[in-house]
Each structure stands twice: as C-alpha cells, then as structure tokens.
Amino acid sequence: MKKKITCLICESNKFRFDYFPPNIFNEKKFHDNYCKKCGSVSIYPIPDKDDFNEIYGVEDHDYLKSLKLDEKLTHHFSWNKYNYQRYQIELFETNRKEASGKKLLDFATGSGFYLAYAKPKGYEVIGIEYDEEFAATMSNRTDLKIISLKEFEQKYADEKFDIIHFGHILEHLENPI
C-alpha cells in the first residue's frame with residue numbers, strides 16, 4: 001500500500017508530481033512533489049541522516065571539479081531570466097535594508113553565491129552546510145565564513161541574525177516549520 005503524502009507546510013494532500021526523474025541515493029528513489037494548495041515543494045520520502053550523508057558533500061558539487069587545486073571559486077551575478085539564484089538575489093534586493101552591522105545567515109549555502117553577494121553590501125555573513133568536509137572546502141575556496149551544521153550548533157546556537165536565508169532547502173527538511 002502506498003503511503004499518503006501530506007504537505008509539510010499546509011498539510012494538503014493535493015500534489016502535482018514533478019516530471020523530472022527521481023534522485024536515487026541509498027537505493028531509495030526521491031521525488032519532488034509540488035503542493036497544489038500552497039505551492040511549496042517537498043521531497044518524498046523524507047531523507048534520513050544516512051541519506052543526507054550520501055546526498056550532500058564535496059562530490060555533489062560539480063563546479064568544484066573544474067577548479068585547480070588552490071584556485072578560488074569566483075561568483076558572477078549575471079544569470080539568465082529564469083535562474084533560481086537570480087530570483088533569490090532579486091528578492092534580497094527588494095527587501096534589503098541598511099546593512100551596516102547586520103548579520104546574515106545562509107542555511108545550506110552551497111557555492112556561497114548569496115553570501116558573496118551580501119558581504120560587499122555590508123553584511124556580516126555566515127554560511128552553513130550539512131557536510132563538514134564540504135563546509136571546510138567551501139570556506140577555503142571562497143574566503144567566506146562557511147561552517148558545518150555541527151559547528152553552528154556548538155558555537156552559534158544562541159546567536160541572533162537579522163536575515164536567515166533558506167534558498168532551495170526547505171524541500172529537503174523533515175520538519176521545516
């Protein structure tokens with residue numbers, strides 16, 4: 001019997017299923033599901049800790065493979081009209097206030113593009129990545145403060161941030177709210 005899927009945001013059971021083939025990790029098929037009621041995207045089944053360890057890490061980011069051993073990753077902010085990073089930056093600019101002294105946390109920072117965009121605007125930026133090795137690699141490759149989730153929980157759990165960015169991550173969390 002197939003398990004009934006419920007939206008993690010609005011609890012609807014009305015979904016439009018993605019036409020992309022599923023991602024396969026740990027011999028499980030993960031599908032993207034689009035809620036018809038609230039428009040959120042979730043992944044099913046919800047990944048567990050073993051799945052996250054398989055899914056995220058240095059090997060998951062192809063752009064790193066093209067860099068030479070000590071080469072830094074550079075960010076360019078000119079994307080095509082429908083690029084997901086462009087939408088995130090446009091939203092940032094629409095809502096941006098005076099940055100002086102403001103702290104920005106980017107959860108699941110990936111390449112660090114959001115941090116790289118906000119830092120020159122005056123924000124104090126910190127990025128979080130699930131995988132410790134990937135966090136260290138990205139911190140070294142970008143000169144941005146990118147730390148592991150484990151380090152964040154140990155050192156910054158009580159810290160306050162003015163902006164917390166979740167770009168393309170809520171669909172991967174077991175309990176996003």
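Residues numbered from 1 in each chain as written. Predicted model: local features only at pLDDT ≥ 70, side-chain atom pairs only at ≥ 80, totals over all residues. Heavy atoms only, no water.

Observations regarding the nonpolar core
- Grouped together as the largest cluster of nonpolar side chains are 21 residues, with contacts concentrated most on Phe92, Leu104, Tyr123 and Val125.
- Sort the elements by how many residues they give to this core and helix α3 (residues 113-118) lands first, with 6 residues.
- Those residues within four positions of Leu104 in sequence are excluded, and the remaining contacts are Phe92, Tyr114, Leu115, Ala118, Tyr123, Glu124, Val125, Ile126, Phe161 and Ile163.
- Counting residues in each nonpolar core, the second largest holds 9 residues, with Phe107, Ile128, Phe152 and Ile169 among its members. (Core = buried A, V, L, I, M, F, W, Y, C linked by side-chain atoms within 4.5 Å. Buried < 20%, exposed > 50% of the residue type's maximum accessible area, 1.4 Å probe, protein only. Helix = DSSP H or I, 4+ residues; strand = E, 2+ residues; numbered from the N terminus. Contact = heavy atoms within 4.5 Å.)

Digging into the pattern of salt bridges
- Using the criterion set out here, one finds 5 salt bridges in the structure.
- A salt bridge links Lys72 to Asp143, with the nearest nitrogen and oxygen atoms 3.0 Å apart. Of this pair, Lys72 sits in the loop between α1 (49-55) and α2 (84-95) while Asp143 sits in the loop between α4 (132-142) and β7 (146-148), placing them 71 residues apart in sequence.
- Note on Asp143: relative accessible area 53%, which makes it exposed. (Salt bridge = Lys/Arg side-chain N within 4 Å of Asp/Glu carboxyl O.)

Some remarks on the sheet that holds strand β5 (residues 103-107)
- The sheet built from 4 strands is open, its strands ordered β7-β6-β5-β8 with parallel pairing. Each edge of the sheet is formed by a strand with only one pairing partner; in this case those strands are β7 and β8 (163-166). Sheet twist, expressed as the mean angle between neighbouring strand axes with direction ignored, is 25°.
- The pairing of β5 with β8 spans 4 bridges and is parallel. Bridge pairing in β8 places Phe107 opposite Phe166.
- The strands touched by α4 are β6 (124-129) and β7; relative to β7, the strand with the most contacts, the crossing angle is about 170°. (Pairing = 2+ DSSP bridges. Axes fitted to C-alpha atoms, helices over the stretch in contact; angles between N-to-C directions.)

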